Amino acid sequence: MDTIDDFQLLIDLHRPNPRQGPGSEAATLLALELSGLLGRHALQIADLGCGTGASTITLAERLDGHITAVDLFPQFLDVLGDRARAHGVESRITTLAASFDALPFAPASLDAIWSEGAIYNLGFEAGLTLWRPFLKPGGVLAVSEITWLTAQRPAEIQSHWDVHYPEIDLASGKIAALERNGFTPIGYFPLPESCWLENYYQPLQARFSALLEQYDHSDAAKACVEAEEREIELYTRHRAHLSYGFYVAQKTTE
Ligand code: SAH
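Residues numbered from 1 in each chain as written. Predicted model: local features only at pLDDT ≥ 70, side-chain atom pairs only at ≥ 80, totals over all residues. Heavy atoms only, no water.

(A) How the structure looks around unusual backbone geometry. Of note in this structure, Ala-42 is not a glycine but carries a positive phi near 55°. Relative to the helices and strands, Ala-42 is located in the loop between α2 (25-35) and β1 (43-48). Residue classification places Ala-42 among the exposed residues on the basis of a relative accessible area of 58%. (Helix = DSSP H or I, 4+ residues; strand = E, 2+ residues; numbered from the N terminus. Buried < 20%, exposed > 50% of the residue type's maximum accessible area, 1.4 Å probe, protein only.)

(B) Representation of the site of the ligand within the structure. In the region of the ligand, 17 residues are neighbours, and Gln-20, Gly-49, Asp-71, Phe-100 and Glu-116 sit closest. In the complex, 91% of the free accessible area of the ligand, which totals 570 Å², lies under the protein chains. Split by residue class, the shell around the ligand holds seven nonpolar, seven polar and three charged. (Near = heavy atom within 4 Å. Areas by Shrake-Rupley, 256 points an atom, 1.4 Å probe, with all protein chains shown as cover. Nonpolar A, V, L, I, M, F, W, Y, C, P; charged D, E, K, R; others polar.)

(C) Geometry of the pairing of strand β4 (residues 110-115). Among the six residues that make up β4, six are buried, leaving the element largely enclosed by the rest of the structure. Here β1 pairs with β4 via three bridges, running parallel. What sits directly across from Ala-46, in β4, is Ile-113. Summarising the sheet, β4 and strand β5 (residues 135-148) pair through five bridges and their orientation is parallel. Residue pairing across strands places Trp-114 opposite Ala-142, the latter belonging to β5. (Pairing = 2+ DSSP bridges.)

(D) Highlighting the packing of helix α3 (residues 54-62) against helix α4 (residues 74-86). Interaxial distance between α3 and α4 falls to 10 Å at its minimum, and their mutual angle equals 30°. In terms of orientation, α3 lies roughly parallel with respect to α4. The chirality of how α3 crosses α4 is right-handed. Counting all contacts with α3, which are made through Ala-54, Thr-56 and Ile-57, the residues of α4 involved are Leu-80, Arg-83 and Ala-84. Across the contact of α3 with α4, the residue classes tally to four nonpolar, one polar and one charged. (Axes fitted to C-alpha atoms, helices over the stretch in contact; angles between N-to-C directions. Parallel < 35°, antiparallel > 145°, perpendicular 65-115°, else oblique. Left-handed = near helix turned anticlockwise from the far one by under 90°. Contact = heavy atoms within 4.5 Å.)

(E) Region of interest: the side chain of Lys-174. Structurally, Lys-174 can be placed in helix α7 (residues 171-180). At 2.8 Å, the side chain of Lys-174 forms a polar contact with the side chain of Glu-145. (Polar contact = N/O pair within 3.5 Å; in protein donor to acceptor, adjacent residues only side chain to side chain.)

(F) Layout of the packing of aromatic side chains. One pass over the structure, following the stated rule, counts 14 aromatic pairs. Seen from their ring centres, Phe-73 and Phe-76 are 5.8 Å apart, and the 85° between their planes marks the pair as edge-to-face. Phe-73 gets classed as partly exposed once you look at its relative accessible area, which sits at 22%. Ring centres of Trp-196 and Tyr-201 lie 6.0 Å apart, and the angle between their planes is 50°; on these two criteria the pair is classed as tilted. Across this residue pair, the class does not change: Trp-196 and Tyr-201 are buried. Within the aromatic cluster, the residues linked to one another by ring pairs are Trp-196, Tyr-200, Tyr-201, Tyr-235 and Tyr-244. Stacked on the ring of Phe-183, the Lys or Arg Arg-132 has its end atom at 6.0 Å from the ring centre. (Phe/Tyr/Trp six-rings, centres within 6.5 Å; stacked < 30°, edge-to-face > 60°. Lys NZ or Arg CZ within 6 Å of the ring centre and 35° of its normal.)

(G) A look at the packing of helix α8 (residues 193-205) against helix α10 (residues 219-238). Where α8 contacts α10, the axes come no closer than 12 Å and their chain directions differ by 155°. In terms of their interaxial angle, α8 and α10 are classed as roughly antiparallel. Crossing hand, α8 versus α10: left-handed. Where α8 approaches α10, its residues Glu-193, Trp-196, Leu-197, Tyr-200, Tyr-201, Leu-204 and Gln-205 are matched on the opposing element by Glu-228, Glu-229, Glu-231, Ile-232, Tyr-235 and Thr-236. Grouping the amino acids of the contact of α8 with α10 by side-chain chemistry returns seven nonpolar, two polar and four charged.

Structure representation (structure tokens):
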């Protein structure tokens, strides 16, 4: 999946959905509680890999400040803009179509970096290293990241992730990575299954037939849907062993 057409397929598949990865409003709110940002004023926040803005809208509704919502795909940001207007929070959000490996923020300018289901695109530790300089000392990082829930895993799911994202780890490993990279962890929780099944996979599956029709049952569209089906099947069978973990941490002052 690396040609322009494949990107277009993925955009068409994911754009109408409420979110582009596992999550929930309740999880965003719990991370917000842990973050210590509620009740503070004039915050400067970046939501990196925001997609169509599931978390961005919640942050804009709950926080006093301004959010820069960054995603590679302007097609997702257009939907985010519509949602922001529908929720009356458009004046608190600026969208930026850019790659989060080359961000334009000034050093030590952000009170918080939020990123749900996206840092894996850089790799967890590479993302921590790249993003840390933009945070003020004591600034908050809130990220969700694929995480093992069990120390012993069936070979099938272990080898799948060894190939696709070898940085997957237990929460203890992710917390150690935060500590190694100049962050003090202040909270962790795993996302419940409903964040995957009800909030992400079910709306995705509901799009499959429309996508196949839109692309006249092309081989590329069929391959795209089959790949998603395999991912859903694999998750469903092994869901006791993995989830996204939500990590909230503070940039160290030294
Ligand atoms: N945070 C959203 C979307 C998660 S999916 C949600 O929880 O619903 C991951 C998102 O990261 C996608 O929208 C994808 O377009 C974006 N993305 C992937 N690589 C990126 C990059 N290099 N720079 C910016 N955004 C990127």
